[in-house]
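Residue-level structure breakdown
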Amino acid sequence: MRVLPNEDQVMFRDAARRWVEQEADADASIADQWAKFAELGWLMIGLPEDVGGLGGDAFDAAIIAEELGRGLVKAPFVGVAVTAAQLLLAFAPDRLEALMAGEEKPLLAHVEMGAGGDPSWVETQAVKDGEGWRLTGTKTAVIGAPLADSFLVSARTEDGIGLFEVSADSAKLREYLLIDMRPAGDLVLEGTEAKLLAADALGEITRAVDFELVVESAEAVGVMQTAFDMTRDYLNTRQQYGKLIGQFQALQHRLADMFIELEQARSIVLRGLDALLRDEADRSAIAAATRVKVAQAGHFVGAQGIQLHGGIGMTDEFPVGHHFRQLIAFEMAHGGASRQVERYAEMMDV
Amino acid sequence: MTDEDLRQEVRAFIAENLPAEMAARGKKMYHPYKPDVVFWTQKLNEKGWSAPGWPVEYGGPGWTVPQRHIFEEECFLAGCPMISPQGLTLVGPIIYTYGTQEQKDTFLPKIRSAEHTWTQGFSEPNAGSDLASLQTRAVREGDEYVVNGQKIWTSDAHSSEWAFMLVRTSTEGKKQAGISFLLIDMETPGITVRPIISIDGGHELNEVFFEDVRVPAANLVGEENMGWTYAKELLAEERTFSAEVKRHKGQLSRIKDIARTANLRGTPLIEDPHFLRRVAQLEIEVLAHEATLLRVVAEEQAGILGAAPTPSILKVRGTELVQRLGALMLEALGEAGMPYYAEKDYFLDTPDDPPGIPGAPGISSDFFFRRSLTIYGGTNEVQRNIIAAQLLRG
Ligand SMILES: Cc1cc2nc3c(=O)[nH]c(=O)nc-3n(C[C@H](O)[C@H](O)[C@H](O)COP(=O)(O)OP(=O)(O)OC[C@H]3O[C@@H](n4cnc5c(N)ncnc54)[C@H](O)[C@@H]3O)c2cc1C
């Protein structure tokens, strides 16, 4: 298991942290931020050199994701630079150049309502139409959807589950904000024109989803870390009954429990990344396990972050609640943490 | 009348009087909506039911505590707007216990009819858990008090006609000993209300600033410097109503409703044994909690003073169960719970082509706002301190 970052990775981490702390402006447009991501090399960091990438892997991408999570950066870094990039790497590597340059932002539109985290649950139908294809079905909770210029869409053909490309112009997008205020949407396909990328794609889709489960977990660890830091600082600032609330033993123990959860989460992310890199039979099980542990830890750390702040923690003006909201969205995605426990149970050695 | 008769009568009354769209709004569980609260309180008032828990001489219906729980449960499950609790359960009892005849005559009927709704001005920026260190000053000048200071977390201050406040009238002796209980008309010059938006995106909380606000001395409740004692005694009286059992039952029933419509891999979620097990686990918790509540109520009625710190037990377990049930509601929704269903878009209307499923709006907002249950009314940390202190006293 890889634990320590190498020198280059430390440099990238520090640069990302600086950018998040000093420059990432919550009001800046995601388009502007995206140009910056490209310039800093983050969109190529996890891709091999032979397609023009920096030669890194999921470990590198996770380093960036964690830093972006600390600052609740809304741009869909993981969705484009990890999930979609892995699929293009498998099926259309020539398309990666535009992605890495920040010119194209494809997103995977795969999850359907009620799939319960099962990557093989696809009801969207594809039918052949002349040279092309037409898709019918609804893909849900596509994070960052309003920013995408194209969607990689899973759909069922007579032969199995294929992967198609649908341009954002030709598809109907039902846009909304998520509970954590990130832009998202449902892709509503009503006989929508599509191009076939791969006829038999379930294996690669599952692999890309595993990447997403794990690298988003790294992002969530960043979200948690900031919530934890803010809470620790607050215990050292807020006074009640004539003393710092950090002097109350009940809160000291809670803070210790939060830290233990945070550390467990941080560790299992490394275990999850290791499973992605080894790409062995247990990859999906470990990815599910990573998701579960991080989601549960995140729920606890976020909720207790609010609790230890008292009334202030309940306000939209103070950031700890925003971290909690993003951690809950993280917990709910991909069928929810409880369903991921069941997936793990289905896959584990017995 | 048996309890079951009462239950049937309440149900029939609701069926006849609660407009369907109001019930639908109530079930979404966004923040209280004043027009609905006023409408429904008036309806109840006509029936003599708008002050459950009050003595008959002040307009109460004369119910036992268990009957009052039945009433509240039926109302909650049906989606009735909640009677504003600040008037009904907080200031009302203080006024009829410690107020002057004039105060009783002026205020109690208007609480029952919702002509006045009330806001509670206790907490301050530096006086939260340590409430007794509050600083808002009230200085006597002739037959008036002049009030200066700031309150915070003041629920519904923006929509209330009156405020009941704890103010400092003396800085001598113990800090608890210099606090008085004052009623203030929110229209009085010098009051500024500033909204605080909470993490669910809703507006219930406020900051309230007082600058040379002149209040008739006749609005003092009881004796000067005795406010702390009144507030404490009467908050304890409310012990069994922070147990939240009605809310638990409402949540359980909604979880099952959602699970009947939601699908998991093509089968109704309600048939998924893993999910049912999680519902069952929480339903068991609710059964034990409700039994504790019934036990406490019965012991109280029999005049047995239990040694256990029961109000704090009910509060801790009740509020934490609401939060766990809220998480299970989100789980039942799955991806349909991920969109932000803003109150402004989904409370009075539903937008065209909404995402998710029909039962989803309001659930995540409620989940987020209910994080506050373990903070207000004495934080759960403070409640656990109380439990332990009482147990160790031996
Ligand atoms: C939604 C909401 C509605 C509210 N409505 C009203 C209202 O209408 N009117 C009103 O007056 N107030 C209201 N309040 C205020 C509420 O009563 C206070 O938030 C509460 O008393 C806690 O105070 P605080 O927020 O200052 O937190 P603090 O007291 O600063 O607490 C911060 C943390 O320290 C912990 N802590 C404090 N003391 C101890 C101790 N001795 N031992 C261990 N832990 C401790 C707390 O448990 C908490 O986790 C409301 C609050 C909320 C969130």
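Keep in mind it's a predicted model, so treat the numbers as computed, not measured.

Basis of the calculations
Residues numbered from 1 in each chain as written. Chains lettered and ligands numbered in written order. Predicted model: local features only at pLDDT ≥ 70, side-chain atom pairs only at ≥ 80, totals over all residues. Heavy atoms only, no water. Phe/Tyr/Trp six-rings, centres within 6.5 Å; stacked < 30°, edge-to-face > 60°. Helix = DSSP H or I, 4+ residues; strand = E, 2+ residues; numbered from the N terminus. Buried < 20%, exposed > 50% of the residue type's maximum accessible area, 1.4 Å probe, protein only. Lys NZ or Arg CZ within 6 Å of the ring centre and 35° of its normal. Pairing = 2+ DSSP bridges. Near = heavy atom within 4 Å. Polar contact = N/O pair within 3.5 Å; in protein donor to acceptor, adjacent residues only side chain to side chain. Areas by Shrake-Rupley, 256 points an atom, 1.4 Å probe, with all protein chains shown as cover. Nonpolar A, V, L, I, M, F, W, Y, C, P; charged D, E, K, R; others polar. Domains from an automatic or database assignment. Contact = heavy atoms within 4.5 Å. Buried area = accessible area lost by both parts, 1.4 Å probe. Salt bridge = Lys/Arg side-chain N within 4 Å of Asp/Glu carboxyl O. 1 Å grid on protein atoms, 1.4 Å probe; cavity = no way out; pocket = protein on both sides within 12 Å on 5 of 7 lines; lining within 4 Å. Points joined across faces, edges and corners; volume = space filled by probe spheres on them. Axes fitted to C-alpha atoms, helices over the stretch in contact; angles between N-to-C directions. Parallel < 35°, antiparallel > 145°, perpendicular 65-115°, else oblique. Left-handed = near helix turned anticlockwise from the far one by under 90°. Expected span 1.5 Å × (residues − 1). Arc of directions from axis to C-beta.

1. Some remarks on the packing of aromatic side chains
All told, the structure shown has 29 aromatic pairs over all chains when counted by the stated rule. Relative to Y96(B), the ring of W54(B) has its centre 5.7 Å away and its plane inclined at 70 degrees; by these criteria the two rings are edge-to-face. Taken together, the residues W54(B) in the loop between α3 (34–47) and α4 (65–78) and Y96(B) in helix α5 (residues 85–98) connect sequence positions 42 residues apart. The exposure class assigned to W54(B) is buried, which follows from its relative accessible area of 4%. When the centroid spacing of 4.8 Å and the interplanar angle of 45 degrees are considered together, the rings of W63(B) and F71(B) count as tilted. Each residue in the set F107(B), W118(B), F122(B), W162(B), F164(B) and F181(B) is aromatic and connected to the rest through ring pairs, giving one cluster. The side chain of R2(A) reaches across the aromatic face of F59(A), ending 4.7 Å from its centre.

2. Observations regarding the pairing of strand β7 (residues 183–198) of chain A
Residue and element names in this part refer to chain A. Sheet topology note: the strand β3 (residues 132–143)/β7 ladder contains nine bridges and is antiparallel. Residue V142 lies in a different strand from β7, and its bridge partner there is G185. Relative to β7, strand β5 (residues 160–167) runs antiparallel, the two being bridged by three bridges. The residue bridging F164 from the neighbouring strand is L196, located in β7. Examined bridge by bridge, strand β6 (residues 172–177) and β7 share six bridges and lie antiparallel to one another.

3. Brief notes about the site of the ligand
As a matter of local geometry, the ligand sits amid 26 residues, with R238(A), Q120(B), S129(B), T379(B) and E381(B) nearest to it. Lying at an intersection of chains, the ligand is approached by residues of chains A and B. One of the side-chain nitrogen or oxygen atoms of S155(B) is found 2.8 Å away from a nitrogen atom of the ligand. One nitrogen or oxygen atom from the side chain of T379(B) is found 2.6 Å from an oxygen atom belonging to the ligand. Protein chains shield 94% of the accessible area of the ligand, which is 980 Å² for the free molecule. Breaking the shell around the ligand down by element, the ones donating at least two residues are α8 (283–309) of chain A together with α13 (380–392) of chain B. The residue makeup of the shell around the ligand, split by class, is 12 nonpolar, 12 polar and two charged.

4. Here we look at the domain arrangement of chain A
All names here are of chain A. Annotation of chain A at the domain level lists domain 1 (7–104), domain 2 (107–200) and domain 3 (204–348). With 19 residues of domain 1 at the interface, the matching set in domain 3 holds 24 residues. Across the domain 1/domain 3 interface, buried area totals approximately 1800 Å², and carbon plus sulfur atoms make up 72% of it. Where domain 1 meets domain 3, there are one salt bridge. Between E66 and R266 there is a salt bridge, with the nearest N and O atoms lying 3.0 Å from each other. Of all the secondary structure elements, the ones that give two or more residues to the side of domain 1 that touches domain 3 are α3 (58–70) and α4 (77–91). Taken together, the residues of the side of domain 1 that touches domain 3 break down into 12 nonpolar, four polar and three charged.

5. Some details on empty space enclosed by the protein
Left-over empty space is what a probe sized like a water molecule reveals as it rolls over the atoms. Residues and elements named next belong to chain A. In the structure shown here, the tally under the stated rule is seven cavities of 30 Å³ or more. Reported here for the largest cavity is a volume of approximately 330 Å³. Around the largest cavity sit 25 residues that line it, and A141, V142, I143, E212 and E216 are the ones nearest its centre. Looking at the lining of the largest cavity, the elements that each hand over two or more residues are α4, β1 (106–109), β3 and α6 (202–235). Estimated volume of the second largest cavity: approximately 80 Å³. In terms of lining residues, the second largest cavity is bounded by 13 residues, among which R182, E216, E219, Q326 and F330 are the most central. Of all the secondary-structure elements, those providing two or more residues to the lining of the second largest cavity are α6 and α9 (320–332). In terms of residue class, the lining of the second largest cavity is made up of eight nonpolar, one polar and four charged.

6. Brief notes about unusual backbone geometry
Residues and elements named next belong to chain A. Of note, the phi angle at D279 is positive, near 55 degrees, even though the residue is not glycine. Mapped onto the secondary structure, D279 falls in the loop between α7 (249–278) and α8. Unusually for a residue other than glycine, H334 sits at a positive phi of about 55 degrees. For H334, the position within the fold is in the loop between α9 and α10 (337–347).

7. Some remarks on the domain arrangement of chain B
Residues and elements named next belong to chain B. As far as domains go, chain B holds domain 1 (3–83), domain 2 (118–225) and domain 3 (242–392). One C-alpha centre belongs to domain 1, the other to domain 3, and the line joining them spans 20 Å. Contact between domain 1 and domain 3 buries roughly 1900 Å² in total, counting both sides, with carbon and sulfur atoms accounting for 65%. Contact with domain 3 buries surface across domain 1, with K28, M29 and Y30 losing the most and accounting together for 37% of the total. Inspection of the region where domain 1 meets domain 3 yields two salt bridges. With its nearest N and O atoms 3.1 Å apart, the salt bridge here joins E73 to K249. At the junction of domain 1 and domain 3, the tally comes to seven residue pairs in polar contact (both at pLDDT 80 or more). For the side of domain 1 that touches domain 3, the elements supplying multiple residues, two or more each, are α2 (20–28) and α4. Ranked by residues supplied to the side of domain 1 that touches domain 3, first place goes to α4 with seven residues. Among the residues making up the side of domain 1 that touches domain 3, the classes are represented as eight nonpolar, three polar and five charged.

8. A few points about the layout of surface pockets
If you add up the space inside the second largest pocket, you get close to 1000 Å³. At the level of secondary structure, the elements contributing two or more residues to the lining of the second largest pocket comprise α8, α9 and α10 of chain A together with α9 (273–301), α10 (310–333) and α13 of chain B. Here the element with the most residues in the lining of the second largest pocket is α10(B); it accounts for 10 residues.

9. Some thoughts on the packing of α8(A) against α10(A)
All names here are of chain A. Where α8 meets α10, the closest approach of the two axes is 9 Å, and the angle between their N-to-C directions is 150 degrees. Here α10 runs roughly antiparallel to α8, going by the angle between their axes. In the crossing of α8 with α10, the sense of the turn from one axis to the other is left-handed. Contacts between α8 and α10 involve S284, A285, A288, A289, R291, V292, A295 and Q296 from the former and A337, Q340, V341, R343, Y344 and M347 from the latter. Per-class residue counts for the contact of α8 with α10 are nine nonpolar, three polar and two charged.

10. Quick look at helix α6 (residues 101–112) of chain B
Helical periodicity: at 3.6 residues per turn, an α-helix aligns residues three or four positions apart in one direction. Residue and element names in this part refer to chain B. Spanning 12 residues, α6 covers 17 Å between terminal C-alpha atoms, matching the ideal 16 Å at 1.5 Å per step. Listed as buried for α6 are Q103, K104, F107, L108, I111 and R112. Along the long axis of α6, the arc covered by the buried residues comes to 130 degrees, so they all point the same way. On its buried face, α6 is in contact with α3, α5, β1 (118–121), β4 (162–168), β5 (179–185) and β8 (220–221). Downstream of α6 by a residue or two, A114 has a phi angle that is positive, lying close to 65 degrees.

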